Amino acid sequence: MFSQTFRSLWRNKLSSFLSSLTTGFALFLLGTSFLVSINLGYMYQMAESQMEIQAYMNKEASDAELAAAVTQIRDMPGVSEVKFVSKEAALEELKDMFKDKASVLDSLEEDSPLPPSVRVNTTGAEQIPVVVEALKSIDVINDVIYQEEVSERLAQIGKAVQYLSLGGMLIVGIVAVMVIANSIRLAIDARRQEIGIMKLVGATDGFVLMPFLLEGVFLGLLGSALGTGFAVGVYNWVAGKIAEFIPFMPIVGLETQSIQEMFGIMALTGVIVGLTGSAFSVRRHLRV
Amino acid sequence: MISFRNVSKVYNGSVKALNGVSLHIDKGEFVFAVGASGAGKSTLIKMIYREETPSGGQVFVLGKDLAKMRRREVPYFRRRIGVVFQDFKLLEHKNAWENVSFALEVTGTSRREINRRVSQALNLVGLLDRREAFPNELSGGEQQRIAIARALVRNPDILLADEPTGNLDPKTSMEIFSLLERANLYGTTVVVATHAQDIVNNLRKRVVELRDGTLVRDERRGAYSC
């Protein structure tokens, strides 16, 4: 039965290849959106752990100006704690965070590219917007970032990515099912006579359609292998680029459990897509 | 064994292939169905193995009302019937042996049992030594003998043949018919739709004649035409 499946797949090489490729593309989208949302979730967690407002200051500001600003902030109502982080300290912190990737940062030794900043804790969460407004009015402060905003933004991006990829996945998924269905239809057509004779000699429907279902499942699996491979390749490439240019951005490694689970889901989805496509075709074209 | 009760068959709403045919065939009979092309012989045969269902009337085969038979029962029903066609219907990419064993494989018979029965069937039709040959390497008569071996390999209760010698010369035809007769001797009920006048006249079996879908003659030890 398996040999029959492979013979049939080989006979329709082009359509088999195209079906796997389409399935692969659908699953590539699935995998990529998975990877992106896993990373966004990770970033969200990181951001949440920082319950403070960060105010980035002008890199060119003098020490006196910075000191004056810090004093001013300390005197603000609603502020409980202020910690100044100089350019050099920020770089040290960064290096500490990425000990294993220190080489990347070596070139930055001379002149820290990071701006000096203050980390401000408020007496309560409700004070955050007030303090943020006050901070923004200080001259040497260029940008104010606080957790709520970061997480909101991340959540928005995450949603957008999910909707976008869900839509794309749905479309490509339907196309994949149709392409597999067509591939199976070709296989059925090629074996019409044989199917007729099988039924004549008393083969049950199950016996007749099993090779075609197997064929669909195999195409789906092949597609998921292609899609996974492609997604992993692209992810590694992008992760490499990010590590190179934005070294402090947290990236989830491929060996994490959630990503391993993702591979399982991709394979399962491939099987489901293949089975759906072939079942569709078998139902339509294999009636007695 | 086979019973037609006032059976009609209408194709596409207008073409009447059978019209009120009543017919009873007992176990172990040998029956020729004769008549001009388009008289309804093929439809009659197809109804027996439930390739077609009647538009009116009832068909009983092997004790079952075929109109009431469920779709999933059909394969098991067909395993008790062997069918032979004018165009042999062999699989080109399978050799003689595989074409015959195929009929047992679909039923999930054990390999050992398959080997035993296929060689028996090929031996019966005298082609055991040609078992490796593919259909395109065999003559028409040989191909039909393989088809008969395939039909008989499961010891069917009924053997149906639709113009089995339509593509064969008279001498080869005679060989084919003697095989059908042999199967009949072993107790299989045989129904043959044919145009082979001389053979029908020689064998003197029961003859049913159809004309425009109507049964016009049913004669014990009959001739091709009266």
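Quick caveat, the model's predicted, so the values are computed rather than measured.

Caption draft 1: Here's a closer look at the overall build of chain B. Secondary structure assignment for chain B yields seven helices and 10 strands. Looking at chain B residue by residue over its 226 residues, the buried ones come to 55%. For chain B, the share of sequence-separated contacts (at least 6 apart) that also reach a separation of at least 24 residues comes to 67%. Accessible surface, chain B as shown: approximately 10100 Å² in total, 44% of it carbon and sulfur.

Caption draft 2: Main features of the pattern of salt bridges. Applying the stated criterion to the full structure yields 23 salt bridges over all chains. Here the residues in one salt-bridge network are E29(B), R206(B), D218(B) and R220(B), joined through shared partners.

Caption draft 3: Layout of the interface of chain B and chain A. Between chain B and chain A, the residue contacts involve 19 residues of the former and 15 residues of the latter. Summing the contributions of chain B and of chain A, the shared interface buries around 1500 Å²; its carbon and sulfur component is 60%. Across the contact surface, chain B and chain A share one salt bridge. A salt bridge links D205(A) to R71(B); the shortest N-O distance between them is 2.4 Å.

Caption draft 4: A look at the environment of A181(A). All names here are of chain A. Mapping A181 onto the fold places it in helix α7 (residues 147–190). A C-alpha to C-alpha distance of 8.2 Å links A181 and V282, two positions 101 residues apart in sequence. Beyond its immediate chain neighbours, meaning those up to four positions away, A181 contacts G277, F280 and S281.

Caption draft 5: Spatial organisation of a nonpolar patch on the surface. All names here are of chain A. Side chains of L14, F17, L18, L21 and L226 sit close together on the surface and give an oily, nonpolar patch of about 480 Å² of accessible area. The element contributing the most residues to the nonpolar patch is helix α2 (residues 13–48), with four residues. Looking at the element boundaries, F17 is found in helix α2.

Caption draft 6: Layout of the sheet that holds strand β1 (residues 2–11) of chain B. Residues and elements named next belong to chain B. Taken in spatial order, the four strands of this open sheet run β2-β1-β4-β5, and their pairing is antiparallel. Looking at the sheet topology across the chains shown, the edges are occupied by β2 (15–25) and β5 (64–65). Across two bridges, strand β4 (residues 56–61) lies against β5 in antiparallel orientation. Looking across to β5, one finds that V61 is bridged to K64. Seen against the sheet, helix α1 (residues 41–48) touches β1, β2 and β4 and runs at an angle of roughly 120° to β1.

Caption draft 7: Here's a closer look at the packing of helix α3 (residues 96–105) of chain B against helix α4 (residues 111–124) of chain B. All names here are of chain B. Their axes nearest at 9 Å, the elements α3 and α4 cross at an angle of 130°. In terms of orientation, α3 lies oblique with respect to α4. Judged by the twist between their axes, the crossing of α3 over α4 is right-handed. Counted together, W97, V100, S101, L104 and E105 of α3 and R111, I114, N115, R117, V118, S119, A121 and L122 of α4 form the full contact between these two elements.

Caption draft 8: Structural detail: the sheet that holds strand β3 (residues 117–122) of chain A. Residue and element names in this part refer to chain A. Ordered by their spatial adjacency, four strands build an open sheet running β2-β3-β1-β4, and the pairing between neighbours is antiparallel. Looking at which strands have only one partner, the edges of the open sheet turn out to be β2 (79–85) and β4 (141–146). The mean angle between the axes of side-by-side strands here comes to 20°, regardless of whether they run parallel or antiparallel. Across the face of the sheet, helix α3 (residues 63–74) comes into contact with β1 (53–57), β2, β3 and β4 while running at roughly 165° to β2.

What counts, and where the lines are drawn
- Residues numbered from 1 in each chain as written.
- Chains lettered and ligands numbered in written order.
- Predicted model: local features only at pLDDT ≥ 70, side-chain atom pairs only at ≥ 80, totals over all residues.
- Heavy atoms only, no water.
- Helix = DSSP H or I, 4+ residues; strand = E, 2+ residues; numbered from the N terminus.
- Buried < 20%, exposed > 50% of the residue type's maximum accessible area, 1.4 Å probe, protein only.
- Contact = heavy atoms within 4.5 Å.
- Areas by Shrake-Rupley, 256 points an atom, 1.4 Å probe, with all protein chains shown as cover.
- Salt bridge = Lys/Arg side-chain N within 4 Å of Asp/Glu carboxyl O.
- Buried area = accessible area lost by both parts, 1.4 Å probe.
- Patch = residues over 30% accessible without salt bridge, like charges linked within 9 Å, V, L, I, M, F, W, Y side chains within 5 Å.
- Pairing = 2+ DSSP bridges.
- Axes fitted to C-alpha atoms, helices over the stretch in contact; angles between N-to-C directions.
- Parallel < 35°, antiparallel > 145°, perpendicular 65-115°, else oblique.
- Left-handed = near helix turned anticlockwise from the far one by under 90°.

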